[in-house]
Amino acid sequence: MKTYILACITAFVCILAPDIFTTFFVATEETPYRWYSHYESLVFLAIITASIVAARSLPLKLCLMSLILFFQLTQLVHFSYYGTFYSQYSIGYMFSEMGDFIAGTQALLVLIWPSLTVCLLSAALIFAVLIYHHKTAKQPLTNIPAYMLCILMMFPLIKSLYHYNDYKPSAKQLAIRCGLYSWSSYFSMGYKTKDTKEYAPYTLSSQQPMVDNLVLIIGESANYQRMSLFGADRDTTPYLKSLVHSEQFHHQLAFSSSVATQYSMGYFLNGVYEPDNAIQMGSKGANLFKIAEQNGYEMHFLSNHTIGAQSQIYRYGQFHTWIDKSMDASQQWQYDKGLVDAYLKERGAKRTKQFVVLHTYNMHTPYTDNYPEDFQVFPPEGDDASGLLKGNYDNSLKYFDHTIEYWVDRLTKELDGTTLIVYVPDHGEKFQGDAQVSHAQHHKGSNGDEHKHAHNHGDGGWHGHGFLDIDVATVPIFAISVNGANHALDAFKSQLGCISSHYKIHHALASVLGTDIINPNQQEDTFYISGLSYYGAAGWIEGHFPEHEFLCNIRQQQMRTTSAY
Ligand SMILES: [Zn+2]
């Protein structure tokens, strides 16, 4: 009995250790990581440990413990990277963009290794204790508690098969518990759905198209604070910066509709305003491709992403060109720059009435994979992990700037008639310590609570994208008029507001293409940023433009700085 109790205590302490360690390693301001204030979590953990240690079958023992430790390791690694535990929606997102997910995780090992190491060390120790105790145990062991534990662990799954499941993990709980609930909710997703909220339908009316050609460049993981176009010290975007005072150029900031590629693309290209308007999303009634087709444009879609990122965009129309990275067997391009060459190769004789969408991948993690070596010009910004990432991100921006210059040059020569080139990123990219909007503003979550986001070491947040955070949704946009499209540029920018949103940009693009959209549900001052779901199930942020007007000044300041030269 004494060895059993000793083994239980050792295992219990070892399981708890990574959670405690992460508390110190990842200090959060606004959502304190207080597993210890939830006594039921500790009781839950004690029951788990006692049942597993008592199991007579060694494989059963090791399998159960592996499952428990899998929940813990994955949640703590996610936590040390994003500052939150993953939900069922994050799991869905991970499976749908597996390639991006693996690449991103590898690149961010520099941030997650402490949690990962502690989890693996404690796991090794736990398995050693289990095996040692199993071999030396004198008292009879029994599988009954372990079987009961299996049944107990099925409860969250069974429950979510019977009730609509809106589970959101809390950082105040143990990682193991959140892992169990998130996976249970993931497996039951779609069995029980919430009643669809009904909104008044959008109406569309036709006007005269404003341009002969519209080129929409969809950006990836764009951080305006790293761009010299928006005042960064390093000259990461010299070409774009040189255009600042041109009549043919406009740049500003906007909020993206979501925080991960596929959801942002879905909301943006379908022009859906309300985060839970499943009917509008499903109907694709205001889809930009549909609008372009109705107005007589020839459609070309070229993407450096694989198909997973495009699941909610319209492709039922008559596309002249539809190529994405997974389909490009001939490998016409390695980096983004080749997208325009591929477009020019694929398109027919028609040089006008073109609607071209170029879906870029550059600036996605791992940054170094998405630009040629010649662009490795900026050193890391400091010795830490974040400084290394910033250095590589800056190189990635330099390549982006070069790509845009090349594209504008080629498209100017190869397209006939007035052409508007518009750049809109899918979402931003957050760097540790660079929080701006979330620091300055409180905002409302979908549950109606005012909240601010968790901050790493109090210095402003987490790295990357894919988590619901207003900084991740703050993006730079720009537009360039070519061959006399200034009237279209003026009309376009007059619809944006000094700080814009994907939704407003979508409307402005639709009217450039010749269709005005009226949404009776729209509130002029309000915008939404959706979590990792198309229908609002993963929550959203409700923001108000007037509270963010300080962002309007960033562009003004930069224009003043560059005119001082
Ligand atoms: Zn993206």
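The paragraphs below set out a description of the structure included in this document. This structure is a prediction, so every number in the text was calculated from the model and none was measured.

## Points about the packing of helix α2 (residues 39-54) against helix α7 (residues 144-162)
At their nearest, the axes of α2 and α7 sit 7 Å apart, and the two run at 135° to each other. With respect to each other, α2 and α7 are oriented oblique. Between α2 and α7 lies a crossing whose hand is left-handed. On α7, the residues touching I48, S51 and I52 of α2 are P145, A146 and L149. Partitioned by chemical class, the residues of the contact of α2 with α7 number five nonpolar, one polar and no charged.

## Points about the state of the cysteines
Under the defined criterion, the tally for this structure stands at one disulfide. Paired by a disulfide, C498 and C552 hold their sulfur atoms 1.8 Å apart. As the torsion about the S-S bond is roughly 45°, the C498-C552 disulfide counts as right-handed. Here C498, found in the loop between α16 (486-494) and β11 (499-501), pairs with C552, found in helix α18 (residues 552-563); they are 54 residues apart in sequence, far enough to count as distant. Here C498 falls in the partly exposed class, since its relative accessible area comes to 42%.

## Remarks on the side chain of H502
Secondary-structure assignment places H502 in helix α17 (residues 502-513). Classification of H502 as buried rests on a relative accessible area of 2%. At a separation of 2.9 Å, a polar atom in the side chain of H502 contacts the main-chain carbonyl oxygen of P425. Setting aside its immediate chain neighbours within four residues, H502 contacts F255, S256, S257, S264, F268, V424, P425 and D426.

## Here's the deal with the pairing of strand β6 (residues 354-359)
The buried fraction of β6 amounts to six of the six residues, a majority that puts the element mostly inside the structure. Of the two faces of β6, both are covered, the one formed by Q354, V356 and L358 as well as the one formed by F355, V357 and H359. As judged from the six bridges shared by strand β4 (residues 298-303) and β6, these two strands associate in the parallel manner. From the neighbouring strand, S303 faces β6, where its bridge partner is H359.

## Thoughts on the coordination of the zinc ion
At this site the zinc ion is bound by E220 (OE), E220 (OE), T261 (OG1), D426 (OD) and H427 (NE2), with donor distances of 1.9 to 2.4 Å. Positions of the donor residues of the zinc ion, expressed as sequence spacing, correspond to E-x40-T-x164-D-H. Placement of E220 in the loop between β2 (213-219) and α9 (238-242) and of H427 in the loop between β7 (419-425) and α15 (437-440) is noted, with a sequence separation of 207 residues between them. H427 carries the same exposure label as E220, and that label is buried.

## Here we look at the sheet that holds β11
Pairing within the open sheet is mixed, and its eight strands lie in the order β5-β4-β6-β2-β7-β10-β3-β11. Whereas interior strands pair on both sides, the edge strands pair on one side only; in this sheet they are β5 (319-323) and β11. Across the sheet, the mean angle separating the axes of adjacent strands is 20° when strand polarity is ignored. Pairing between β7 and strand β10 (residues 474-482): five bridges, direction antiparallel. Each residue of the ladder has a partner; that of Y423, found in β10, is F478. Of the strands in this sheet, β2, β6 and β7 are in contact with helix α10 (residues 261-269), which crosses β2 at around 150°.

## Points about the pairing of β4
The element β4 is largely enclosed, with a buried count of six among its six residues. Of the two faces of β4, both are covered, the one formed by E298, H300 and L302 as well as the one formed by M299, F301 and S303. In this sheet, β5 lies alongside β4 in parallel orientation, the contact comprising four bridges. Residue pairing for β5: M299 is matched across the bridge by F319.

## Description of the environment of L120
Along the chain, L120 turns up in helix α6 (residues 109-136). Taking the relative accessible area as the measure of exposure, L120 reaches 49% and is therefore partly exposed. Counting along the chain gives 102 residues from L120 to P18, while the straight-line C-alpha distance between them is 9.2 Å.

Scoring rules and cut-offs
- Residues numbered from 1 in each chain as written.
- Predicted model: local features only at pLDDT ≥ 70, side-chain atom pairs only at ≥ 80, totals over all residues.
- Heavy atoms only, no water.
- Axes fitted to C-alpha atoms, helices over the stretch in contact; angles between N-to-C directions.
- Helix = DSSP H or I, 4+ residues; strand = E, 2+ residues; numbered from the N terminus.
- Parallel < 35°, antiparallel > 145°, perpendicular 65-115°, else oblique.
- Left-handed = near helix turned anticlockwise from the far one by under 90°.
- Contact = heavy atoms within 4.5 Å.
- Nonpolar A, V, L, I, M, F, W, Y, C, P; charged D, E, K, R; others polar.
- Disulfide = S-S within 2.5 Å.
- Buried < 20%, exposed > 50% of the residue type's maximum accessible area, 1.4 Å probe, protein only.
- Polar contact = N/O pair within 3.5 Å; in protein donor to acceptor, adjacent residues only side chain to side chain.
- Pairing = 2+ DSSP bridges.
- Donors = N, O, S within 2.8 Å, 3.2 Å for Na, K, Ca; no water.

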